[in-house]
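Listed here are the chains, written in short residue letters.
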Amino acid sequence: MSTLNTPETPSAAPAAGKDSGSYAQKPWWKKLPVISHVLQSSGLQRGMLITGLIICGVVLICAVFAPLIAPYGYADLGDENGRFAPQQGPSAQHIWGTTVTGFDVFSRVIWGARTAVFVIVVAVIASVFLGVILGLLSGYIGGWLDRVLVVVADAIYAFPSLLLAIVMTIVISGGQSTVVGGVVAAGISITVVFVPQYFRVVRSETVRLKAEPFVESAQVLGDSNLRIIARHIYPNATRNIPLIFTLNSSEAILTLAALGFLGFGIEPTSAAEWGYDLNKSLSDVTSGIWWTALFPGLAIVFTVIGITLVGESMNDLNDPRLRLRKKSRRSRKAKESKNV
């Protein structure tokens, strides 16, 4: 059965001719999502995308290789030479100093990357998976399924995420601040709260695309509903997902930090978490002890900035309207330079 590709579908093959041949000859690794976006980008957009990828790569490296990078464990209060001095300034032994309880700040920041990545993976990726699937089914099938899912999504979206996170923590771990109670409870609660956001965006786009001529043509040709959703609707309905992903990733980290502030997060002996360390260092700032708050805060800021840069750049490259606008702008500048 022949398939129909639309001008708006990012996965659509290029026009016949020289461009089509060059596209078919591209190696498979150049067609991968992130690599293809880097190759399509140029100028400031490419710089933003590469900068975001570098920051995200550093966070991922710290998360995976934390035992090799960090000089101490996240719960170590001393070494073979004795107990660490509390609130010690940056030195050769502790390059970022120590906290009020004697933890090494550098080690806690490195180990905290693993906790942050775990929360993002559990919460945001699960939200994207569920929200996109439910949005596609609800918008394309419609009927009673659409009405039920819309009502449920609106009801869930009305709950405050922090309140739901506290309730989930109590249900999962009995209110104890453990790794399971803190990270998993925050991840599950954030997943439940964020699913309606993806559901609304994908559903509205699916309802609009379902009435487009290329979808109706595919239906006339006898393509199955699954093929139409996967081939024609899904690529166009998920263009805005990277932007929502960036916002939810930062919200996931902030929610975990709020749980620690209220006593439902993660104890420092169970795992390292930037929000907990930042909260415990607030009183140090007024005493001139800046290092306990500066480095965990910078870790949160740079992680959010890195994910945001990647999401914004990928969103621009996935939107054909923005691509065409930038190409026309570049062509006008090239013509002006030639005329000069």
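Residue positions are given per chain, counted from 1 along the sequence in the order it is written. Side-chain atom pairs in this predicted model are given and counted only at pLDDT of 80 or more, local residue features only at pLDDT of at least 70, and totals for whole chains, interfaces and linings cover all residues. Computation of side-chain values covers all heavy atoms of the structure but excludes hydrogens and water.

### What to know about the overall build of the protein
Here is step 1: The secondary structure content of the protein amounts to 15 helices and two strands.
Here is step 2: The buried share of the protein, taken over its 340 residues, is 42%.
Here is step 3: A fraction of 74% describes how many contacts in the protein between residues 6 or more apart in sequence connect residues 24 or more apart. A run of H or I in DSSP becomes a helix once it reaches four residues, and a run of E becomes a strand once it reaches two; helices and strands are each numbered from the N terminus. The classification of residues rests on relative accessible area computed with a 1.4 Å probe and restricted to protein chains. Under 20% of the type maximum is buried, over 50% is exposed, and intermediate values are partly exposed. A contact between two residues is defined here by any heavy atoms of the two lying within 4.5 Å.

### A few points about the nonpolar core
Here is step 1: Ranked by size, the top nonpolar core spans 51 residues in total, and within it Val 124, Leu 136, Tyr 198, Ile 233 and Trp 274 carry the most contacts.
Here is step 2: If you list the elements that add at least two residues to this core, you get helix H3 (43-64), helix H5 (105-141), helix H8 (179-210), helix H9 (213-220), helix H10 (225-237), helix H11 (241-261) and helix H14 (291-318).
Here is step 3: Of all the elements, H5 adds the most residues to this core, at 16 residues.
Here is step 4: Setting aside residues no more than four positions away along its own chain, Val 124 makes contact with Val 119, Tyr 198, Phe 245, Asn 248, Ser 249 and Ala 252. Side-chain atoms within 4.5 Å link the members of a nonpolar core, which is a set of buried Ala, Val, Leu, Ile, Met, Phe, Trp, Tyr and Cys residues.

### Focus on the packing of H9 against H10
Here is step 1: At their nearest, the axes of H9 and H10 sit 11 Å apart, and the two run at 175° to each other. Put simply, H9 runs roughly antiparallel to H10. Between H9 and H10, the residues in contact are Phe 214, Val 215, Ala 218 and Gln 219 and Ile 228, His 232, Ile 233 and Asn 236, respectively.
Here is step 2: By the convention adopted, Pro, Cys, Tyr, Trp, Phe, Met, Ile, Leu, Val and Ala count as nonpolar, Lys, Arg, Asp and Glu as charged, and the other residues, Gly among them, as polar. For the contact of H9 with H10, the per-class residue count stands at five nonpolar, three polar and no charged. Here an angle of 0 to 180 degrees is reported between the N-to-C directions of two axes, which are lines fitted to C-alpha atoms, with helices fitted over the stretch in contact. Any angle between 65 and 115 degrees counts as roughly perpendicular, while under 35 counts as roughly parallel, over 145 as roughly antiparallel, and the rest as oblique.

### Overview of the packing of aromatic side chains
Here is step 1: Think of it this way: a Phe, Tyr or Trp ring, Trp meaning its six-membered ring, pairs with another when their centres are within 6.5 Å, and the plane angle makes it stacked under 30 degrees, edge-to-face over 60, tilted otherwise. Tallied over the full model, the rule gives six aromatic pairs.
Here is step 2: Ring centres of Tyr 74 and Trp 111 lie 5.4 Å apart, and the angle between their planes is 75°; on these two criteria the pair is classed as edge-to-face. You can see Tyr 74 sitting in the loop between helix H4 (66-69) and strand E1 (78-79) and its partner Trp 111 sitting in helix H5, a full 37 residues away along the chain.
Here is step 3: Taking the relative accessible area as the measure of exposure, Tyr 74 reaches 23% and is therefore partly exposed.
Here is step 4: Here the aromatic cluster, defined as three or more aromatic residues joined through ring pairs, consists of Trp 96, Phe 106, Trp 290, Trp 291 and Phe 295.

### Looking at the UniProt feature "transmembrane region" (unreviewed entry) in the protein
Here is step 1: UniProt positions are given in the numbering used here, feature names are shortened, and annotations may be inferred rather than shown by experiment. Taking the UniProt record as the reference, the feature "transmembrane region" (unreviewed entry) is found at residues 49-70, 116-137, 149-172, 178-199, 241-266 and 289-311.
Here is step 2: With 91% helix and 0% strand, residues 289-311 has its two end C-alpha atoms placed 35 Å apart.

### Some points on empty space enclosed by the protein
Empty space among the atoms can be located by rolling a probe the size of a water molecule over them.
Here is step 1: Cavity and pocket criteria rest on a 1 Å grid covering protein atoms alone: a 1.4 Å probe that fits but cannot get out defines a cavity, protein on both sides within 12 Å along at least 5 of 7 lines defines an open pocket, and an atom within 4 Å of a point defines a lining residue. Grid points are joined across faces, edges and corners, and a volume is the space filled by probe spheres set on the points. Applying the stated criterion to the full structure yields one cavity of 30 Å³ or more.
Here is step 2: Its volume calculated, the largest cavity comes out at about 40 Å³.
Here is step 3: Gly 112, Thr 115, Ala 116, Val 119, Ile 253, Leu 256, Glu 273 and Trp 274 together form the lining of the largest cavity.
Here is step 4: At the level of elements, H5 and H11 are the ones that each hand at least two residues to the lining of the largest cavity.
Here is step 5: Of the residues forming the lining of the largest cavity, the biggest block, four residues, is contributed by H5.
Here is step 6: Classifying every residue of the lining of the largest cavity gives five nonpolar, two polar and one charged.

### Things to note about the side chain of Asn 236
Here is step 1: Within the secondary structure, Asn 236 sits in helix H10.
Here is step 2: A distance of 3.0 Å separates a polar atom in the side chain of Asn 236 from the backbone oxygen of His 232. Throughout this description, a polar contact denotes any pair of N or O atoms lying within 3.5 Å of each other; where both atoms belong to protein, one of them has to be capable of donating a hydrogen while the other can accept it, and for residues adjacent in sequence the pair is counted only when both atoms sit in side chains.

### Focus: the pattern of salt bridges
Here is step 1: What makes a salt bridge here is a side-chain nitrogen of Lys or Arg within 4 Å of a carboxyl oxygen of Asp or Glu, nothing more. For the structure shown, the criterion picks out five salt bridges.
Here is step 2: Residues Asp 277 and Arg 108 are paired through a salt bridge, measuring 2.8 Å at the closest nitrogen-oxygen approach. One end of the pair, Asp 277, is in helix H12 (residues 274-280); the other, Arg 108, is in helix H5, and 169 residues separate them in sequence.
Here is step 3: Of the residues examined, Asp 277 reaches a relative accessible area of 11% and is grouped as buried.
Here is step 4: Across the pair Asp 154 and Arg 200 runs a salt bridge, and its minimum N-O distance is 2.9 Å. Separated by 46 residues along the polypeptide, Asp 154 in helix H6 (residues 143-157) and Arg 200 in helix H8 bring together distant segments of the chain.
Here is step 5: A relative accessible area of 39% places Arg 200 in the partly exposed class.

### With respect to the confidence of the model for the protein
Here is step 1: Here pLDDT means the predictor's own confidence in every residue, given as a number from 0 to 100. On average, residues of the protein score 77 in pLDDT, and 77% of them reach the 70 mark or higher.
Here is step 2: Per-residue pLDDT stays below 50 along residues 1-23; that stretch engages in 35 contacts with residues further than four places along the chain or on separate chains.

### Notes on a nonpolar patch on the surface
Here is step 1: On the surface, Phe 129, Leu 130, Ile 133, Leu 134, Leu 137 and Ile 141 cluster together to form a nonpolar patch covering roughly 510 Å² of accessible area.
Here is step 2: Of note, Ile 141 is situated in helix H5. Within this analysis, patches are made of residues with over 30% relative accessible area and no salt bridge. Like charges are joined at 9 Å or less; nonpolar side chains (Val, Leu, Ile, Met, Phe, Trp, Tyr) at 5 Å or less. Values of accessible area rely on a 1.4 Å probe in the Shrake-Rupley scheme; residue burial ignores everything except the protein chains shown.

### Some points on the environment of Asn 279
Here is step 1: As for its position among the elements, Asn 279 is in helix H12.
Here is step 2: Looking at Asn 279, the relative accessible area reads 17%, which means it is buried.
Here is step 3: Asn 279 sits 18 residues away from Phe 261 along the chain, and the two C-alpha atoms are 6.4 Å apart.

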